[in-house]
Amino acid sequence: MHNKNNFKKKFLSILLGTALLFSFNSCDKKNDSVATSNTITNVVSNNSNFTTLKAAVVKADLAATLSGTGPFTVFAPDDNAFQQAGITTAVLNSLTPADVSKILLYHTLGAKVLAAQVPAGPNAAVATAGGDSIFLTSNANGVFVNGIKVTLADVAATNGVIHVIGGVLMPPAGNIVEIAQADTTFSLLVAAVLRASQGGTNVAQVLTGAGPFTVFAPTNNAFRAAGFPDVASIQAAEPDVLTSILTYHVIGARVFSSDLSDGLQPTTVNGGKVTIGLTAGATVKGNTNTTASNIIATNIVATNGVIHVIDQVLLP
């Protein structure tokens, strides 16, 4: 997982990109000239709730593309989503046009997909205009993309459709291990994976495989609270003991936050079960933990799965 600052920056940049792609506006179809102007670019440009999204489209030089014939589908966070993510004009200005373009294209499909056409899934992979995959689900709670809920569906444009979403999508920055290695907040987790791989199971090799996997990833502070204050303490641990603990944090499927339900007990790779709680915030509890771990960040997409960040080590 990325450096905490890098992760935040990427997360913010993604939010920026997503919001830029998605906006909606009512259209007056009294004449052809008005209808012609109701492209995705114009819908975004003319709606006051999507000022950040508009700025991102301009920065990425995608205004002409999103005014083209398409058809396109855009998943779009509004200004509130950007604000909650801490995205400011200064943050947007700090990104290169290529970076913003990559984020925006991750929110764009090269086809028109209405909400009713989203498969029940769960998490059906759909290729984006940028070449990566996003994961769509339709269930009794609504339509979701990468675990993020669509808050307003089927906003019409002359060259496609916009779905407003309640969060920001982040393109995968590597596989699960690569994401962890890039974030110093997870240096103890990385050390544990490497030490465990010296035993009977090459955990690092498993977590760089095709997957998909879902990892509940403890922070450095979580490891410290569990009795591993530094890398040396992890190096002193038995590899197979660490393997048992680490594989208890892994589910052999792609599970976004939208797939979690209160009381759910998914089976982990080591054969044990963890318990999900949603009554007082999102939590996950290990079998011998006295208290549940808070899930403090969700839906970090990797090329081979998804990561949720937790504040306690789970104990089988």
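Provided above is the structure to which this section pertains.
Presented here is a report on the structure given in the accompanying data block. (Residues numbered from 1 in each chain as written. Predicted model: local features only at pLDDT ≥ 70, side-chain atom pairs only at ≥ 80, totals over all residues. Heavy atoms only, no water.)

### Describing helix H13 (residues 239–247)
Put simply, the rule reads: Under the scheme applied here, a residue whose accessible area is under 20% of the maximum for its type counts as buried, over 50% as exposed, and between as partly exposed, the area being computed with a 1.4 Å probe on protein chains only. Elements are defined by DSSP. Helices are runs of H or I of four residues or more, strands are runs of E of two residues or more, and each kind is numbered from the N terminus. Whether two residues touch is decided by their heavy atoms; if any such pair falls within 4.5 Å, the residues are in contact.
Along H13, the residues classified as buried are Pro239, Leu242, Thr243, Ile245, Leu246 and Thr247. Elements that come into contact with the buried residues of H13 comprise helix H9 (187–196), helix H10 (203–207), helix H11 (220–225), helix H12 (231–235) and strand E9 (250–251).

### A look at the packing of helix H4 (residues 51–59) against helix H7 (residues 97–106)
What counts is decided by this rule: Working convention: axes come from line fits to C-alpha atoms, limited for helices to the stretch in contact. Angles between N-to-C directions cover 0 to 180 degrees. Working rule for angles: under 35 degrees goes down as roughly parallel, over 145 as roughly antiparallel, 65 to 115 as roughly perpendicular, anything else as oblique. With the far helix as reference, a near helix turned anticlockwise by less than a right angle produces a left-handed crossing, and one turned clockwise produces a right-handed crossing.
Interhelical geometry of H4 versus H7 gives an angle of 120 degrees and a closest axis separation of 8 Å. If you check the angle between H4 and H7, you find them oblique. Judged by the twist between their axes, the crossing of H4 over H7 is left-handed. Here Leu53, Ala56, Val57 and Lys59 of H4 lie close against H7, whose contacting residues are Pro97, Val100 and Leu104.

### Looking at the environment of Asp262
What counts here: Between N or O atoms, a polar contact is any pair within 3.5 Å; within protein, one atom must be a potential hydrogen donor and the other a potential acceptor, and residues adjacent in sequence are included only when both atoms are from side chains.
When you line up the elements, Asp262 lands in the loop between E9 and strand E10 (275–277). A C-alpha to C-alpha distance of 4.9 Å links Asp262 and Leu278, two positions 16 residues apart in sequence. A polar atom in the side chain of Asp262 sits 2.8 Å from the backbone nitrogen of Leu278.

### Brief notes about the sheet that holds strand E13 (residues 305–310)
Our working rule: In short, DSSP must find at least two bridges between two strands for them to pair.
Ordered in space as E9-E8-E13-E12-E11-E10, the six strands form an open sheet in which the pairing is mixed. Taken across any chain shown, the strands that pair with only one partner, and hence form the sheet edges, are E9 and E10. Examined bridge by bridge, strand E8 (residues 213–218) and E9 share two bridges and lie antiparallel to one another. Note on E9: the bridge partner recorded for Thr214 is Ile251.

### Some thoughts on the packing of aromatic side chains
How we decide: When two rings of Phe, Tyr or Trp (its six-membered ring) have centres within 6.5 Å they constitute a pair, described as stacked for plane angles under 30 degrees, edge-to-face for angles over 60, and tilted for the intermediate range.
Scanning the model with the defined rule gives two aromatic pairs in all. A ring pair is formed by Phe135 and Phe256, whose centres lie 6.0 Å apart and whose planes are at 40 degrees; its orientation type is tilted. Of the two residues, Phe135 is situated in strand E4 (residues 133–139) and Phe256 in the loop between E9 and E10; the sequence distance between them amounts to 121 residues. Its relative accessible area of 0% is what places Phe256 among the buried residues.

### Re the nonpolar core
The condition is simple: What makes a nonpolar core is a set of buried Ala, Val, Leu, Ile, Met, Phe, Trp, Tyr and Cys residues whose side-chain atoms join them at distances within 4.5 Å.
Judged by nonpolar contacts, the single largest core of 31 residues is most densely connected at Leu189, Leu207, Phe223, Ile234 and Leu246. Listing elements by their share of this core, those giving two or more residues are helix H8 (176–181), H9, H10, E8, H11, H13, strand E12 (293–302) and E13. Per element, the largest residue contribution to this core is six residues, and it comes from H9. Beyond its immediate chain neighbours, meaning those up to four positions away, Ile234 contacts Leu188, Ala191, Ala192, Arg195, Phe223, Phe228 and Leu242. One finds Val44, Val57, Ala60 and Val74 within the second-largest nonpolar core, a separate group that totals 24 residues.

### Some thoughts on the environment of Pro266
If you trace the backbone, Pro266 turns up in the loop between E9 and E10. The class for Pro266 is buried, based on a relative accessible area of 13%. Along the backbone, Pro266 and Ala253 are 13 residues apart, and their C-alpha atoms lie at a distance of 9.9 Å. Non-local contacts of Pro266, meaning those with residues more than four positions away in its chain, are made with Ile251, Gly272, Lys273, Val274 and Ile276.

### Digging into the environment of Val231
Note that Val231 resides in helix H12. What makes Val231 partly exposed here is its relative accessible area of 39%. A C-alpha to C-alpha distance of 6.1 Å links Val231 and Leu188, two positions 43 residues apart in sequence. In this structure, Val231 is in contact with Leu188 and Ala191, ignoring residues within four places of it in sequence.

### Here's the deal with the packing of H9 against H13
Condition: Each residue gets one of three labels, nonpolar for Ala, Val, Leu, Ile, Met, Phe, Trp, Tyr, Cys and Pro, charged for Asp, Glu, Lys and Arg, and polar for the others, Gly among them.
Between H9 and H13, the shortest axis-to-axis distance is 8 Å and the interhelical angle comes to 125 degrees. By the angle between their axes, H9 is oblique relative to H13. Note that H9 runs across H13; the crossing there is left-handed. Contacts between H9 and H13 involve Leu189, Ala192, Val193, Arg195 and Ala196 from the former and Pro239, Leu242, Thr243 and Leu246 from the latter. Across the contact of H9 with H13, the residue classes break down as seven nonpolar, one polar and one charged.

### Quick look at the pairing of E12
For E12, the tally of buried residues reaches seven of 10 residues, placing the bulk of the element in the interior. Note that strand E11 (residues 283–285) and E12 share two bridges and pair antiparallel. Of the residues in E12, the one forming a bridge with Val284 is Ser293. One ladder, built from five bridges, connects E12 with E13; its direction is antiparallel. Residue pairing in the sheet places Ile300 in a bridge with Ile307 of E13. Between E12 and E13, which pair antiparallel in sequence order, lie two residues.

In short, the description is geometric, and any link to function would need to be established separately.
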